[in-house]
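Residues per chain are reported as follows:
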Amino acid sequence: MLAVHQSRINYVLHLADNALIIGHRNSEWCGHGPVLEQDIAITNIALDLIGQARNFYQYAAELIGNNTTEDTLAYLRDEREFKNCLLAEQPNSDWAITILRQFFFSTYQYFFYQKLQYSNDVQLSAIAEKALKEVTYHLRWSSEWAIRLGDGTEDSHQRMIKAIDNLWMFTGELFLAVNYEKIGVNEGYGVDISLIKNDWMKKVTDAFEEATLALPPDDVWMQRGGKEGIHSEYLGHILAEMQYLQRAYPGAQW
Amino acid sequence: MSITCRKYYYGDIPDNNAGGNISPEKNKLSGNDWPLWEVFIRSKQGLDHKHAGSLHATNAQMAIENARDVYTRRMEGVSIWVVESKHIHASNPEEAGSLYDPANDKVYRYPAFYDLPDELKHM
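The structure presented is a predicted model; accordingly, all values stated were derived computationally and were not measured.

Definitions and cut-offs
Residues numbered from 1 in each chain as written. Chains lettered and ligands numbered in written order. Predicted model: local features only at pLDDT ≥ 70, side-chain atom pairs only at ≥ 80, totals over all residues. Heavy atoms only, no water. Core = buried A, V, L, I, M, F, W, Y, C linked by side-chain atoms within 4.5 Å. Buried < 20%, exposed > 50% of the residue type's maximum accessible area, 1.4 Å probe, protein only. Contact = heavy atoms within 4.5 Å. Buried area = accessible area lost by both parts, 1.4 Å probe. Salt bridge = Lys/Arg side-chain N within 4 Å of Asp/Glu carboxyl O. Polar contact = N/O pair within 3.5 Å; in protein donor to acceptor, adjacent residues only side chain to side chain. Helix = DSSP H or I, 4+ residues; strand = E, 2+ residues; numbered from the N terminus. Nonpolar A, V, L, I, M, F, W, Y, C, P; charged D, E, K, R; others polar. Pairing = 2+ DSSP bridges. Axes fitted to C-alpha atoms, helices over the stretch in contact; angles between N-to-C directions. 1 Å grid on protein atoms, 1.4 Å probe; cavity = no way out; pocket = protein on both sides within 12 Å on 5 of 7 lines; lining within 4 Å. Points joined across faces, edges and corners; volume = space filled by probe spheres on them. Phe/Tyr/Trp six-rings, centres within 6.5 Å; stacked < 30°, edge-to-face > 60°.

## Some points on the nonpolar core
Grouped together as the largest cluster of nonpolar side chains are 88 residues, with contacts concentrated most on Phe104, Phe112 and Leu116 of chain A. Apart from residues lying up to four places away in sequence, Phe104 of chain A is in contact with Leu87, Leu167, Trp168, Thr171, Leu174, Trp200, Val204 and Phe208 of chain A.

Here it is in structure tokens:
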């Protein structure tokens, strides 16, 4: 029973960490966007994602008890305890990589939240329903940018090809269930992610076609481990910046 | 020597100065940005679209999305119109006198000027 409860906590933390880490990455663009309007757009998306993370963290804190709060979960856990997918933590680099990362992730979230709405866990189902409207817009925004850049100038096209080279290896993990996800499916509160892979692939294939971009071959080596706390070299740096204030001044408020 | 100086008023800018429809080469040379768009938002209670501001975008679709992100973040609206700024023609402020002042002493244009029969309600 204890293990089952822990699985549910891990599952909720995994969803929260996904949203927080990619949200934080997008927030790094704040004040640095290519044009004012897109600076605001990506910051809006960052805020949406951090809002989703808060909902999941609040629920996780309730499940954990012991005076845990959304803040202790976000600011006082170490790298190995974070369960986000590797895709979420990849660096912004340039606009093409940021756009493609968001497009891959929003496509995933779009199909994922559609299924999570039917979770037998009322909290998860309610969060999914609310988040889906936001994600629908993120997907529209990011897919149009992916197409615009792919089918744009020679420079933007080359940057998108480079972005695909950089990020494709992190997309496999999105659809490979780890233990707590399998338990979630069995218990009826989790989503069977293997079932959304085809939808994801179709959406990406269609967008790439319109963007005149080639899909990588099937046999690309896929990275994994993020969901179980084995991260790329980037997460530690994100946490160092994100958690610095709460670590240096515990309980600081403003 | 005489120098002719043409002053453009807001919105009434010829195509070649407006930033739109410019080839990428020229865009690079002149440092021109994306074309400017005017945004009109209809609020939930409002019947008409009101001017909210302006922004840059490459086409109408992007202009609507940018408007959504820039001008409807706090639930300001339920409908968006955008129009490229160069398509708006403005009246000339220097002609304000001849355009608007003649209406000053014509109070009879207000319906309140007329005596209404008592039977007539709700005017």
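## With respect to the interface of chain B and chain A
Often, the extent of an interface is quoted as the loss of accessible area on bringing the components together. Every contact between the two is made by 12 residues of chain B and, on the other side, 13 residues of chain A. Buried surface at the junction of chain B and chain A, both sides included, amounts to about 1,300 Å², of which 47% is carbon and sulfur. Of all residues in chain B, Glu65, Arg68 and Asp69 of chain B give up the largest surface area on contact with chain A, accounting jointly for 39% of the area buried on that side. Counting across the chain B and chain A interface gives 1 salt bridge. Across the pair Glu65 of chain B and Arg140 of chain A runs a salt bridge whose closest N-O atoms are separated by 2.9 Å. Here chain B is connected to chain A by 8 residue pairs in polar contact (both at pLDDT 80 or more). Counting only elements with at least two residues in the side of chain B that touches chain A, the list comes to strand 2 (50-56) and helix 3 (60-71) of chain B. Here the side of chain B that touches chain A gets 7 residues from one element, more than from any other, and that element is helix 3 of chain B. Counted by class, the side of chain B that touches chain A contains 4 nonpolar, 4 polar and 4 charged residues.

## Here we look at the sheet that holds strand 1 (residues 36-42) of chain B
Residue and element names in this part refer to chain B. Strand order in the open sheet formed by 3 strands is 2-1-3, with antiparallel pairing between adjacent strands. At either end of the open sheet lies a strand with only one pairing partner, and these are strand 2 and strand 3 (79-84). Averaged over all pairs of adjacent strands, the angle between strand axes in this sheet comes to 30°, irrespective of strand direction. Helix 3 contacts strand 1, strand 2 and strand 3 of the sheet and is inclined by roughly 115° relative to strand 2.

## A word on the layout of surface pockets
Reported here for the second largest pocket is a volume of approximately 610 Å³. If you trace the second largest pocket, you find 21 residues lining it, with Tyr137 of chain A together with Arg68, Asp69, Thr72 and Arg73 of chain B closest to the centre. Contributions of two or more residues to the lining of the second largest pocket are made by helix 2 (36-64) and helix 6 (122-150) of chain A together with helix 3 and strand 3 of chain B. Sorting elements by how many residues they give to the lining of the second largest pocket places helix 6 of chain A first, with 5 residues. Counted by class, the lining of the second largest pocket contains 6 nonpolar, 4 polar and 11 charged residues.

## Side note on the pattern of salt bridges
Taken as a whole and judged by the stated rule, the model has 14 salt bridges over all chains. The salt bridge involving Asp155 of chain A is made with Arg159 of chain A; its shortest N-O contact spans 3.3 Å. With Asp155 of chain A and Arg159 of chain A both in helix 7 (residues 154-167) and 4 residues apart, this pair spans about one turn of that helix. Classification of Asp155 of chain A as partly exposed rests on a relative accessible area of 46%. For Arg159 of chain A, a relative accessible area of 38% puts it in the partly exposed group. Here Arg68 of chain B ties to Asp69 of chain B by a salt bridge, and the two come within 2.8 Å at their closest N and O atoms. According to the relative accessible area criterion, Arg68 of chain B is partly exposed, its value standing at 28%. The network of salt bridges with common partners includes Asp94, Asp155 and Arg159 of chain A.

## Let's talk about the packing of aromatic side chains
Residue and element names in this part refer to chain A. The tally for this structure, following the rule as stated, stands at 18 aromatic pairs over all chains. With 5.6 Å between their ring centres and 75° between their planes, Tyr11 and Tyr189 make a pair best called edge-to-face. Of this pair, Tyr11 sits in helix 1 (residues 2-27) while Tyr189 sits in the loop between helix 8 (179-187) and helix 9 (197-210), and the two are 178 residues apart along the sequence. The burial state of Tyr11 is the same as that of Tyr189; both residues are buried. When the centroid spacing of 5.8 Å and the interplanar angle of 50° are considered together, the rings of Phe105 and Tyr108 count as tilted. Taken together, the residues Phe105 and Tyr108, both in helix 5 (residues 95-116) and 3 residues apart, mark about one turn of the helix. The same class applies to Phe105 as to Tyr108, namely buried. A connected cluster of aromatic rings, assembled from ring pairs, spans Phe56, Phe103, Phe104, Phe105, Tyr108, Phe112, Tyr113, Trp168, Phe175, Trp200 and Phe208.

## Looking at empty space enclosed by the protein
Residue and element names in this part refer to chain A. If you walk through the whole model with that rule in mind, you get 2 cavities of 30 Å³ or more. In this model, the largest cavity occupies a volume close to 50 Å³. Every residue along the wall of the largest cavity is listed here: Leu15, Asn18, Ala19, Phe56, Phe105, Tyr108, Gln109, Phe112 and Tyr113. Those elements that provide at least two residues to the lining of the largest cavity are helix 1 and helix 5. The element contributing the most residues to the lining of the largest cavity is helix 5, with 5 residues. Among the residues forming the lining of the largest cavity, the class breakdown is 7 nonpolar, 2 polar and no charged. Forming the boundary of the second largest cavity are Glu173, Leu176, Val178, Arg224, Gly225, Lys227 and Glu228.

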